[in-house]
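Breakdown of the fold
One-letter residues, chain by chain:
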Amino acid sequence: MSDPETRFGKYETAWCPGCGDFMVLKALKKALFEADLHPHQILLTSGIGQAAKMPQYLHCNMFNGLHGRSIPPAIGAKLANPELIVIAVSGDGCIYGEGGNHLMAAIRRNPDITVLVCNNMVYGLTKGQASPTSFQGFKTKAQPRGAPWQAFNPIAFAVSMECSFVARGYAGEVDHLAALIKEAVSHRGLALVDILQPCVTFNHVNTYRWFKERCYLLPSGYDPSSWEEAMNIAREDMEERIALGVIFKKEMPTFEERFPQLAQGPVAGRARVGPEIASVLSEFEI
Amino acid sequence: MSDPETRFGKYETAWCPGCGDFMVLKALKKALFEADLHPHQILLTSGIGQAAKMPQYLHCNMFNGLHGRSIPPAIGAKLANPELIVIAVSGDGCIYGEGGNHLMAAIRRNPDITVLVCNNMVYGLTKGQASPTSFQGFKTKAQPRGAPWQAFNPIAFAVSMECSFVARGYAGEVDHLAALIKEAVSHRGLALVDILQPCVTFNHVNTYRWFKERCYLLPSGYDPSSWEEAMNIAREDMEERIALGVIFKKEMPTFEERFPQLAQGPVAGRARVGPEIASVLSEFEI
Amino acid sequence: MLKSNKIIDILIGGEAGQGLATVGSLLARSLASRGYEILATQTYLSRIRGGHNTYQIRAGLSSPRSPGEDFDLILALDRETIPLHGHRLESGGLVIGDQEIVDASLAGTMAVPFREMGPSRTMNVSALGVLTHVAGLPLDVVESEVRWAFSKAGGKILDDNVAALRAGYGWAEKQDKGRRGLPPPGRKKKRMLMTGNDAIALGALASGLKFCAYYPMTPATSIVLAVTRFSEAMGCVVEQAEDEISAVNMAVGASFAGAPSLVATSGGGFALMTEGVSLAGMTETPIVIAVAQRPGPATGLPTRTEQADLNLVLYAGHGEFPRAVLTPTSVEECFLATKRAFYLSEKYQTPVFVLTDQHLADSLATIPPLPAETGDAGPATADPAEVQAPYRRYALTQDGISPRLLPGFSHHLVRADSDEHNEEGVIEEDPANRILMHEKRLRKGAGMEQEVMEPHLHGGEGFQTLLVCWGSSRGAVEDCIDHLRSEGIMASSLSLPQVWPLPKSALAKWTQKAEKVIFVEGNATGQLARLVRAETGIESHGMITRYDGLALTTGYIVNALKGMI
Amino acid sequence: MLKSNKIIDILIGGEAGQGLATVGSLLARSLASRGYEILATQTYLSRIRGGHNTYQIRAGLSSPRSPGEDFDLILALDRETIPLHGHRLESGGLVIGDQEIVDASLAGTMAVPFREMGPSRTMNVSALGVLTHVAGLPLDVVESEVRWAFSKAGGKILDDNVAALRAGYGWAEKQDKGRRGLPPPGRKKKRMLMTGNDAIALGALASGLKFCAYYPMTPATSIVLAVTRFSEAMGCVVEQAEDEISAVNMAVGASFAGAPSLVATSGGGFALMTEGVSLAGMTETPIVIAVAQRPGPATGLPTRTEQADLNLVLYAGHGEFPRAVLTPTSVEECFLATKRAFYLSEKYQTPVFVLTDQHLADSLATIPPLPAETGDAGPATADPAEVQAPYRRYALTQDGISPRLLPGFSHHLVRADSDEHNEEGVIEEDPANRILMHEKRLRKGAGMEQEVMEPHLHGGEGFQTLLVCWGSSRGAVEDCIDHLRSEGIMASSLSLPQVWPLPKSALAKWTQKAEKVIFVEGNATGQLARLVRAETGIESHGMITRYDGLALTTGYIVNALKGMI
Ligand SMILES: Cc1ncc(C[n+]2csc(CCOP(=O)(O)OP(=O)(O)O)c2C)c(N)n1
Ligand SMILES: Cc1ncc(C[n+]2csc(CCOP(=O)(O)OP(=O)(O)O)c2C)c(N)n1
Ligand code: SF4
Ligand code: SF4
Ligand SMILES: [Mg+2]
Ligand SMILES: [Mg+2]
């Protein structure tokens, strides 16, 4: 198993040729490989969408759930078995749209999971409606006058909520993205990686070229522990420049650590009903 | 109708004596009165909770909907009839918890509605569970070890999303609150007013005294148009000091303005099917 | 109405915030610890203070099945109690209230000078003192309950309350209104005292519950509070989710990972979970969903009771997949049915419901001790060593049940998919595969049909009229049967603790013996009656329905039966 | 299978992204504009590129009711088409494909040198050119459709496509494979061409639709896209919501404010809306909900078809409240049923469903011109001047319908409440009020029962066997009846365009004449059959079900009937 594809498999996909998701998949395999993780240690959860097909193409445990709901099963599984490396991966519509409330709550909880958002700024699988991250004015069949909303800025949102780890990657920079994902997976706490992912079929505005012209790597001296710096980066106008890298980082206790129940290891698979049940029942004796 | 109670009525309530909601109701009536609004011009929507009972006690149009869903019917009604003054009022659990996704999306849309959150930092009606704004460690029957999450900071969240109008009021300062609400209602665009509201029954941490010791009014020179200033205020540690006033303000086109359909007035109540239907159908002739 | 002299009925009425539930539960506990069998029920409003609530206790030498409707003792803590309930005083009964509320000159009333007995915040405990004497309870039994209840507060609060209790008792002793007590209980049997919701929580914990997610909603919240209370001792993780959608999806994820999981909610919250139920059906993930009904539609009457969400629970979730719906008929059965629910859901790897209502959820009853069985009550997982790679999570089998492995516990990979999938759990859109997988899932339903909980027949095998009911109304229906039989009417009842799969053969067997089959349901449209007709063709000859927010009672049913039989 | 020589069946197979739908719809439009009646259906996969999809066209001199199963012409755009569908070629039929795909030496094949006809991105239009000739269509008819389709792109793209069309046509002309064309159409009748989803959108707009909220979901999205296309012309506000919960709650709010409102979704999205449906029921707010079914559970087969969400739609939402469920049986009826849905929902102030499926949603058909009636099709509101203050939004009336006012249009205040409420809309927890209000709402259901859409009887009044179906399968069932009758079998069919309230008297009338009643449904458990039994006691003698993701076809039904009659 000396390379990512041998370890994590190579599958036929249902993506369009040229889709940025191929590169995300590649980076994800590379990251997991370099983190020395093995398929059975990993649980990938996802919602529904093009990006959400990712776990179908990666040899590991998988829970492919409902549209918008990649995060709740990830948290449930992590609480049941904190030893699993849990990664939720889905699209921008799935995680920032339908599932927005779960992301908000997850950031406040800070479970030790990684959230990868393949952000193509459009709804891919349903054929090209505007997504929360579509730029205002982005024209589609469903929004012939252009998206009528302000675009969602996931980085500013997450930084404002003091999310434990906030990063932005770009599908066009596989090695950099792989390094980011690797760091996100090793980070203790909720790690959000917003991944700019060109959709060659439905997004003719935010193309490879468009990203290439704007993306830059955060300088090596950049300090992600500064909230103010992070917020400045987060608020850069994407039409002008787009920073890639770990933008914000804050060490905090994880959600799982707050449960004494989990101190002796996973509750999943534990001997089911111990003698404690007798004393519990006895509390109701009269 | 020379005073708020004559115009907007006086009802028996189902609140506990001493509840901060009484003062919010008083401030709301005062604000509407001083804004020279009349009952039939106003639509109050709400979710479910103690605060969500507010419209029951105010003489005006009312849509008392589902828990968590005060905002979507407000937007629907506003789009149907932009001439209505639409105000959504509910609790912190309702708007920041169950309904978080709607608040996120509403801020991005910027409809000209007002959102009043009676933030008692607890679930009142269901007898005292932790809410998103409960402080980490806040102990309840449901959270005997204390709330395991970071508290939600609605002000930082809204400012980070460049919400058109962000304010914080306090039930203990009725006149100030009334002025805030009046300003929020006159503001064009989405106005979020987070209202600190003591719950005398289930929140024995964030009490009148606690608030009194920390709350201060933003100085008259404060400039809510500065995002950085606003974010600084938003991020003040509530344990230390709590600013009251209009914290952030940004003029933007409203959501309704983006619909040419609404240029000639409300679609609600319009003559139903005009001669345009013939040309629409003719597009399908073959 | 049939009422033996071995039963006493007590009603306490008052506002929320007056300590009504405190008096009620202390009295209930005292009666139970004295050795009586009790059943206590509550009605309350959707508010924290004010309004008019009641706490009712029926106590006796044998277990009461349903709440009383006429009262031996009425304690009025507010002014509304007497106008609302005064006419329900038994002859010879006693009304107790503050002297400002009741008219001292009337026979059968005790006008108490509560103000003289202590501060107003202990007035409820003074009233308990009066009740203690009148109900013929030894003071020390009640006092030790009061001490237990206020032990945590301690200090002056404890002392004040004990003093208030004694003051009330002492005052009552001096009156000559007699006592309305029960005959002394025999040798005390071992008993437990709990609510329907407690019993569900215990049933879940006794089944190896390891994960519980919820969003607060009356009348389901107290299930989760009971689980929470024991969660650390039992190694169960409990999390309050941001909404019901998250609760059910978290629970499905936790269960997938290997933690037997529970969610608890009521109608509106459950409506939000229905997509997740379908997910559990498709991914074949065990999950138990406790739905405590309250009257809808929408917010409805949030604190009252109804049985109108049977259809919702039967058909919730898009697409077709197997499920079971258990409808416990008593507090004790809440425990048993919940255990059954975990057994079925883990065995058949599918969602299973425990469907109750506010009436049962809040019913406090003495029950025989519950068994403290230990052991591996949880999921039957396969032995990873005996499973061939690649592991087929959805292997096609004769009974539709695929050997289950947990992710992370072996080198096998566990792959679950909400899309239609092949045996390995990979998305597959081919029609032939669809047929195989769809039929595999539905076969599990056929298996569950072979092991349904059988209905309870009451009244004996000889009858002309058969009343059929489900869930919480069993007690009232059975008391009604006893009453009818005492009047020479040949009626029996069949109470269903499980409505899906439907116990078809028992229904066929008993209904065909009846001249008249009458369904008794706490809803307006007769949801069980329709289900039975759809599934078996069995016709009902009448329907007794109730949908005013209150529980079905013996008197209500007897009344409604007039003219029907 | 019965097939007249006045019908031609064409199948086009290929990958997503190859322009299959473009060729298909251009050919369909050309056939229609030439004066033929057509029905075009699609199967596709849940992906944007690749996979194997089909586009089928049946064209004839009279309106085709259901898609063909054997083909006169098969166009293979990919390598999978021939292995998958080759055996379904009619004798004398023709297979057309690139010379690298088909074997030129076989009779009945046309191996086309597409590469020589232009760039690969116009290969689909070259193929259309070949089909144009073979199907006996005049080149200019098709060319004008191509010009129309590419007029927006214009320039080189337009020119290249026209050239490709001509190249294909010219090449085919030179072969001696003959033509498979239809007899020339008679005098051209006025026709419209649209899909089931278009027809729903038009039905809504023609009913005065003023607000539409949705979250994208196959196969419902195209309803909303059609509404969007005309939204500015028709003064209708359309908004893509952040999720389905918001969509339905927005629509309820808009409708409350006075805008007739529509939401459109499919099973999983609808599951999320069910709490909102209950809200509409309780607040008595009109709303029309279009549910286009696809196979579940969970994500299931997102682009395929099924009729398995009938139960969900019938019982969605907690608590009991009136609703209507319309199940249009053809593209034309999608328009009529949607108009009916708005009429019912506005009249009875309650949620009404238009329940279709992917098969009907995506069916493209020629239909008689739809009436462009103008007028006040919307809600009947009361005259504010004649309403006494305080306005009672929930005034108790005999038919349960309370006079409706809109907020902001007069000095009256309109107060809607999701809690149980009194006549003025204020929360009220009293049991007596509950009974009045609950019965008031349910009375509206009784009213709707008086005006159900009657079922369609096909085959005549003399029959031994009666097939009963609902929704999209009508066409296949009726073609099956014609086939059976042509073989001397006395069978008729009853197709239900409305299943709730159930057309009980028509069902009773026709089923009692039948020796055998057989239900035909696109689900595994026979959901209509169970509903009919529950409501009427009518038994079925057999069931034809389909749940592989494909539509019920005439051949499938005829096959399944073998041995049954
Ligand atoms: C509850 C629900 N609503 C809607 C859908 C339909 N749906 C499937 S994928 C999708 C959007 C996909 O967009 P995104 O999450 O951005 O993923 P992408 O395809 O762009 O990778 C939608 C709306 C669904 N499957 N379930
Ligand atoms: C879908 C749904 N879930 C849960 C509930 C139960 N519920 C009613 S109010 C409430 C919380 C109220 O808290 P908050 O919104 O903070 O209002 P407060 O009572 O504190 O004013 C909950 C959980 C409900 N009515 N509907
Ligand atoms: S539609 Fe876009 S996101 Fe989806 S596979 Fe194609 S290129 Fe990728
Ligand atoms: S419980 Fe709290 S929020 Fe509710 S009425 Fe009482 S004091 Fe107010
Ligand atoms: Mg996307
Ligand atoms: Mg609150």
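Residues numbered from 1 in each chain as written. Chains lettered and ligands numbered in written order. Predicted model: local features only at pLDDT ≥ 70, side-chain atom pairs only at ≥ 80, totals over all residues. Heavy atoms only, no water.

Describing the coordination of the magnesium ion (ligand 6)
All names here are of chain B. Summarising the metal site, the magnesium ion (ligand 6) is bound by the protein donors D92 (OD), N120 (OD1) and V122 (O), whose distances to it range over 2.0 to 2.2 Å. When the donor residues of the magnesium ion (ligand 6) are listed from N- to C-terminus, their spacing reads D-x27-N-x1-V. In this pair, D92 sits in helix α4 (residues 92–98) while V122 sits in the loop between β4 (114–119) and α6 (154–160), placing the two residues 30 residues apart along the sequence. For the pair shown, D92 and V122 are each scored as buried. (Donors = N, O, S within 2.8 Å, 3.2 Å for Na, K, Ca; no water. Helix = DSSP H or I, 4+ residues; strand = E, 2+ residues; numbered from the N terminus. Buried < 20%, exposed > 50% of the residue type's maximum accessible area, 1.4 Å probe, protein only.)

Some details on the confidence of the model for chain C
When pLDDT is averaged across chain C, the result is 95; 99% of the residues are at 70 or more. Both confidence scores are given for the complex: pTM 0.98, ipTM 0.98. (pLDDT = per-residue confidence, 0-100.)

Some details on the sheet that holds strand β8 (residues 211–214) of chain C
All names here are of chain C. In spatial order, the strands read β9-β8-β10-β11-β13-β12-β19; together these seven strands make up an open sheet with mixed pairing. Among the strands making up the open sheet, the edge pair consists of β9 (237–240) and β19 (498–500). Pairs of neighbouring strands in the sheet enclose a mean axial angle of 20°, with direction left out of account. Of the pairings in the sheet, the one linking strand β12 (residues 324–326) to β19 comprises two bridges and is antiparallel in character. Across the sheet, V325 pairs through a bridge with W500, a residue of β19. (Pairing = 2+ DSSP bridges. Axes fitted to C-alpha atoms, helices over the stretch in contact; angles between N-to-C directions.)

As for the packing of aromatic side chains
Counted under the stated rule, the structure contains 28 aromatic pairs over all chains. The rings of Y96(A), F152(A), F157(A), Y96(B), F152(B) and F157(B) are connected pair by pair, giving a single aromatic cluster. For R235(B), the ring lying beneath its charged end belongs to W227(A), and the centroid distance is 3.4 Å. Above the plane of the ring of Y216(B) lies R241(B), whose end atom (NZ or CZ) is 4.0 Å from the centre. (Phe/Tyr/Trp six-rings, centres within 6.5 Å; stacked < 30°, edge-to-face > 60°. Lys NZ or Arg CZ within 6 Å of the ring centre and 35° of its normal.)

Comments concerning the interface of chain A and chain C
Contact residues are listed per partner, giving 53 residues for chain A and 77 residues for chain C. In this assembly, chain A packs against chain C so that about 5,200 Å² is buried in total across both faces, 65% of it on carbon and sulfur atoms. Per-residue buried area on chain A facing chain C is highest for R272(A), F284(A) and I286(A); these three make up 19% of the total on that side. Inspection of the region where chain A meets chain C yields three salt bridges. With a shortest N-O distance of 2.6 Å, E239(C) and R109(A) are connected by a salt bridge. Of all the secondary-structure elements, those providing two or more residues to the side of chain A that touches chain C are β2 (61–64), α3 (71–80), α5 (100–109) and α10 (276–282) of chain A. It is α3(A) that contributes the most residues to the side of chain A that touches chain C, seven residues altogether. Residues that form the side of chain A that touches chain C fall into these classes: 33 nonpolar, 13 polar and seven charged. Two strands pair when backbone bridges link them, and β2(A) and strand β15 (residues 415–417) of chain C are joined in this way by three bridges, in the parallel orientation. Looking at the pairing, M62(A) lines up with R415(C) of β15(C). (Contact = heavy atoms within 4.5 Å. Buried area = accessible area lost by both parts, 1.4 Å probe. Salt bridge = Lys/Arg side-chain N within 4 Å of Asp/Glu carboxyl O. Nonpolar A, V, L, I, M, F, W, Y, C, P; charged D, E, K, R; others polar.)

Regarding the sheet that holds strand β18 (residues 491–496) of chain D
All names here are of chain D. Read from one edge of the open sheet, five strands run β16-β18-β17-β20-β21, paired in mixed fashion. The outermost strands of the open sheet, each flanked by one partner alone, are β16 (456–458) and β21 (542–545). The average undirected angle you get between the axes of adjacent strands in this sheet is 20°. Two strands pair when backbone bridges link them, and strand β17 (residues 465–470) and β18 are joined in this way by six bridges, in the parallel orientation. Opposite V468, over in β18, you have L494 as the bridge partner. Of the strands in this sheet, β17, β20 (516–521) and β21 touch helix α17 (residues 554–561), which is tilted by about 145° from β21.

Some details on the coordination of the magnesium ion (ligand 5)
Residue and element names in this part refer to chain A. Taken together, D92 (OD), N120 (OD1) and V122 (O) make up the full set of protein donors to the magnesium ion (ligand 5), lying 2.0 to 2.2 Å away. Of note, the magnesium ion (ligand 5) draws all its donor residues from one chain, in the sequence arrangement D-x27-N-x1-V. Of this pair, D92 sits in helix α4 (residues 92–98) while N120 sits in the loop between β4 (114–119) and α6 (154–160), and the two are 28 residues apart along the sequence. The two residues D92 and N120 agree in class, both being buried.

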